[in-house]
Amino acid sequence: MSNNLQNGGDEAEFAKPLLVPIKRRSFFMYAGATAGATALLLSGCDDDDDDNNMSPGTVSLGSGDVGVLNYAYALEQLEAAFYAQVISNAGFNTAFPDAAERTALTAIAKHEAIHRDFFKAAIPAASVIPALNPNWGTLNFGDRTQVLATAKTFEDLGVAAYNGAGALIQDPTYLLLAGKIVSVEARHAAFIRDLISNGSFADSTTVDANGLDKAMTVAQVLAAAQPFIKETLNGDNVGK
Amino acid sequence: MNLFQIISEIEKVDPEIMDRLTHRRSALSALGDITRKMALAAAPIAIGSAFNKAVGQQTLTNANDILNYALLLEYLEEDFYAQALAAPTLAANLTTGSAARGAIQTIKNHETAHVNLLKAALGTAANPRPASFNFGTAFSTYPTFLTFAQAFEDTGVRAYKGQATNIPRTLNPTVGGNVVNLLTVALQIHSVEARHASHIRYMRRATAAGGTQQFGWITNADGNGAPAAVYGAGNPAATFPAESNVSQGGLTLTSVGGNTYTVAEVSEAFDEGLDNTTVVNIARSVVTF
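The written sequence of each chain sets the order in which its residues are numbered from 1. Here chains are named by letter from A upward and ligands by number from 1 upward, in the order in which they appear as written. Given that this is a predicted model, residues contribute local features only at a pLDDT of at least 70 and side-chain atom pairs are listed and counted only at 80 or more, while totals for whole chains, interfaces and linings are drawn from all residues. Processing note: side-chain calculations cover all non-hydrogen atoms of the structure and skip hydrogens and water entirely.

S.K.: Give me the overall build of chain B: which residues, what numbers.
M.R.: Only runs of H or I of at least four residues qualify as helices and only runs of E of at least two qualify as strands under DSSP, and these elements are numbered from the N terminus. Counting its regular elements, chain B contains 9 helices and 6 strands. Within chain B, buried positions represent 53% of all 289 residues. The criterion used for residue contact is that any of the two residues' heavy atoms lie within 4.5 Å. Excluding contacts between residues fewer than 6 apart, the proportion of contacts in chain B whose partners are at least 24 apart in sequence is 70%. As displayed, chain B has an accessible area near 11,900 Å², and 56% of this comes from carbon and sulfur atoms. In this scheme, a residue with accessible area under 20% of its type's maximum is buried, one over 50% is exposed, and one in between is partly exposed, where area comes from a 1.4 Å probe on protein chains only. Surface exposure here means Shrake-Rupley accessible area, sampled with a 1.4 Å probe, where a residue is shielded only by the protein chains that are shown.

As structure tokens, then:
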């Protein structure tokens, strides 16, 4: 009955996130093609007038719980964009000749897209960060080893990010939601790791001698994620 | 007696009741008139679930109670894997040096580490290990063992998740000489259990005699041989829905942001928590201790 993530004061505001989220959506499914549109959204942050050489702006994630939600949304955007590119790449069937692996990666792509769309719709429209543009550098999406190594990086990072952010969240509803997502990310992480090397699902590179997974601060996570995102993310006030 | 008198009375027993109700109240105030009437019609459910803590003790409130509850589950899991590694019926599958034995040993070691960590956190308040765990026919065959393992891991994930909101986020005890945040530690265990669950599911898929066609995540509320209750709703169901749930934060995610997704995909994308009473009932349905 209640839309727990909305704090709008009137019915129109309440209904809005259910109706409007189309314009900034699915940007990454056609990675690269939407760069111009997003640059326009960010133009207020950008003093470079040359469209062909536009340096992306800085995106502030905001403060308090909304900051944490935007933080999660930024990471989910990155993951969703990555897997969308993996499964839409022309060489997908060649890079992943095993049909079951393709099925699993396609499922993960859906999960991350659902997480992305959920945060997009749930964060109040006035506070939500814009669509971010990925930066894949020299990553070869036709190379199974490179794809899985990057997937492992993102999944382990996502787990560590949610684990570290839990104690920053004030509203129990959001904490439970984060908990519902982080275990799915951990399932992904273990699965991807097993595809790389069977049995590495929870090895000593991610689980310590006390049997604990990693928990990273916002600053640590953003430092690791930043090279993959064209915009500069500012998370200084997340959870504060 | 009006509603606010009732809440006031509960507050004497349960000081946090307003925290749990406030969110629903602010949500109500954000609704329009017509919606408000519908919401009020559903309000008894919300109030009822808030009562549970004061009356039914559905919610663990004391940090030590939460830790001892986690400790019991870790004792159970540790013993389960220790018995499996020693079971003659599984020796042909868990051969020395095999990937399967290596994985089960890794998981067992993590459960042992969790036991030790929780005992250190509890100190003298730690409950003793039950005298024995009888897992019945769990070790009769390799596929049966893996099915039980999946049930325990998936239940463990749901159990930790279900307690996350009961752990004060500012609780920073000293454990083994280090100051730690208890909620963070619980989350760090929680994601390790999810990694275990994913791998056990991977092992079930790979078993020689026709593996279970599933991946590391939970589709709908499918147990694929594990007890249905592991994937069912808890109490209250509004807080702890079945794993097949497709509604999060008031949004039905089969259609969101202009995209459509299948029920199966949405159910996979979110795991659900469980209350401690339901978890212990599930454990006692398959284990004698």
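S.K.: Describe the packing of aromatic side chains, and please don't skip the residues or the numbers.
M.R.: Only centres within 6.5 Å qualify two rings of Phe, Tyr or Trp (six-membered ring in Trp) as a pair; their planes then separate them into stacked at under 30 degrees, edge-to-face at over 60, and tilted for everything else. Enumeration according to the criterion identifies 27 aromatic pairs over all chains in this entry. Ring geometry for A:F118 against B:F270: centres 5.6 Å apart, planes inclined by 85°, an arrangement best described as edge-to-face. Linking A:F118 in helix α5 (residues 99–122) with B:F270 in the loop between α8 (263–269) and α9 (276–286), this pair reaches from one chain into another. With a centroid separation of 6.4 Å and an interplanar angle of 35°, the aromatic rings of B:Y142 and B:F145 are classed as tilted. You can see B:Y142 and its partner B:F145 sitting in helix α6 (residues 142–163), 3 residues apart, about one turn around the helix. Like B:Y142, the residue B:F145 is buried in the burial classification. Only Lys NZ and Arg CZ are tested; either one counts as a charge over a ring when it is within 6 Å of the ring centre and within 35 degrees of the ring normal. Directly above the ring of B:F215 sits B:R205, whose terminal nitrogen or CZ lies 4.3 Å from the centroid. In this structure, B:R284 packs its charged tip against the face of B:F289, placed 4.1 Å from the ring centre.

S.K.: Talk me through the interface of chain A and chain B; I want residue IDs and the actual numbers.
M.R.: With 71 residues of chain A at the contact, the number on the chain B side is 65 residues. Here chain A packs against chain B, burying approximately 5,700 Å² in sum over the two surfaces, 65% of which is carbon and sulfur. A side-chain nitrogen of Lys or Arg and a carboxyl oxygen of Asp or Glu constitute a salt bridge if their distance falls within 4 Å. Where chain A touches chain B, the interface holds 5 salt bridges. Here A:K180 makes a salt bridge to B:E272, at a shortest N to O gap of 2.7 Å. Any pair of nitrogen or oxygen atoms within 3.5 Å is treated as a polar contact; in protein, a donor-acceptor pairing is required on top of that, and neighbouring residues in sequence qualify only through side-chain atoms on both sides. Linking chain A with chain B are 24 residue pairs in polar contact (both at pLDDT 80 or more), by the criterion used here. Note: buried area is the sum, over both parts, of the accessible area (probe 1.4 Å) each one loses when the two are combined.

S.K.: Please give an account of helix α4 (residues 63–86) of chain B that cites residues and values.
M.R.: The end-to-end C-alpha distance of α4(B), which contains 24 residues, comes to 34 Å, matching closely the 34 Å that a straight helix rising 1.5 Å per residue would cover. Where α4(B) begins, one side-chain oxygen reaches toward the backbone nitrogen of B:N64, 2.7 Å away; that side chain belongs to B:N62. Expected helix span is computed as 1.5 Å times (number of residues minus one).

S.K.: Run through the pattern of salt bridges, naming residues and quoting values.
M.R.: Counted by the stated rule, this structure contains 12 salt bridges over all chains. Residue B:E78 is joined to B:R129 by a salt bridge in which the shortest nitrogen-to-oxygen separation is 2.8 Å. Of the two residues, B:E78 is situated in helix α4 and B:R129 in the loop between α5 (99–122) and α6; the sequence distance between them amounts to 51 residues. A relative accessible area of 38% places B:R129 in the partly exposed class. For the salt bridge of B:R201 with B:D154, the shortest nitrogen-to-oxygen distance reads 3.0 Å. Of this pair, B:R201 sits in helix α7 (residues 182–206) while B:D154 is found in helix α6, placing the two residues 47 residues apart along the sequence. Accessibility expressed as a relative area gives 1% for B:R201, which makes it buried. What you see here is one network of salt bridges that share partners, running through A:D156, A:R193, A:D203, A:D213 and B:R195.

S.K.: Can you break down the side chain of A:R187 residue by residue, with the values?
M.R.: Within the fold, A:R187 resides in helix α7 (residues 172–196). Overall, A:R187 belongs to the buried group, its relative accessible area being 0%. Separated by 3.0 Å, the side chain of A:R187 and the backbone oxygen of B:G216 make a polar contact. Those residues within four positions of A:R187 in sequence are excluded, and the remaining contacts are B:D154, B:V157, B:A194, B:A197, B:S198, B:R201, B:G216, B:W217, B:I218 and B:D271.

S.K.: So what's going on with unusual backbone geometry? Residues and values would help.
M.R.: Outside of glycine, negative phi angles account for most residues, and trans bonds account for most peptide bonds. Residues and elements named next belong to chain B. Residue P236 is bonded to the preceding N235 through a cis peptide linkage, with omega at 0°. Relative to the elements of secondary structure, P236 occurs in the loop between α7 and β3 (247–248). A positive phi angle, near 50°, is found at N220, a position not held by glycine. Note that N220 resides in the loop between α7 and β3. Judged by relative accessible area, which is 24%, N220 ranks as partly exposed. Phi is positive for N224, which is not a glycine, with a value near 50°. Topologically, N224 is positioned in the loop between α7 and β3.

S.K.: Got a sec to walk through the side chain of A:E79? Specific residues and values, please.
M.R.: When you line up the elements, A:E79 lands in helix α3 (residues 64–88). Despite its burial, A:E79 remains without a salt bridge, the nearest opposite charge being carried by B:R195 at 10 Å. Among all residues touching A:E79, those that are not within four sequence positions of it are A:E112, A:F154, A:E155 and A:E185. Charge assignment: positive for Lys and Arg, negative for Asp and Glu; neither His nor the chain ends contribute.

S.K.: Provide a residue-level description of the packing of α5(B) against α7(B), including the pertinent values.
M.R.: Residue and element names in this part refer to chain B. The geometry of α5 relative to α7 is characterised by a closest axis approach of 11 Å and an angle of 160° between their N-to-C directions. The angle between the axes of α5 and α7 places the two elements in the roughly antiparallel class. Note that α5 runs across α7; the crossing there is left-handed. In this structure, α5 uses A100, A103, I104, I107, H110, E111, H114 and L117 to contact α7, whose residues at the interface are V185, I189, V192, E193, H196, H199, I200 and M203. Gly falls in the polar group here, along with every residue not listed as nonpolar (Ala, Val, Leu, Ile, Met, Phe, Trp, Tyr, Cys, Pro) or charged (Asp, Glu, Lys, Arg). Here the contact of α5 with α7 is built from residues that sort into 10 nonpolar, 4 polar and 2 charged. For every element, the axis is a line fit to its C-alpha atoms; helices are fit only across the contacting stretch, and the angle between N-to-C directions ranges from 0 to 180 degrees. Any angle between 65 and 115 degrees counts as roughly perpendicular, while under 35 counts as roughly parallel, over 145 as roughly antiparallel, and the rest as oblique. Two helices cross in a left-handed way if the nearer one is turned anticlockwise from the farther one by less than a right angle. They cross in a right-handed way if the turn is clockwise.

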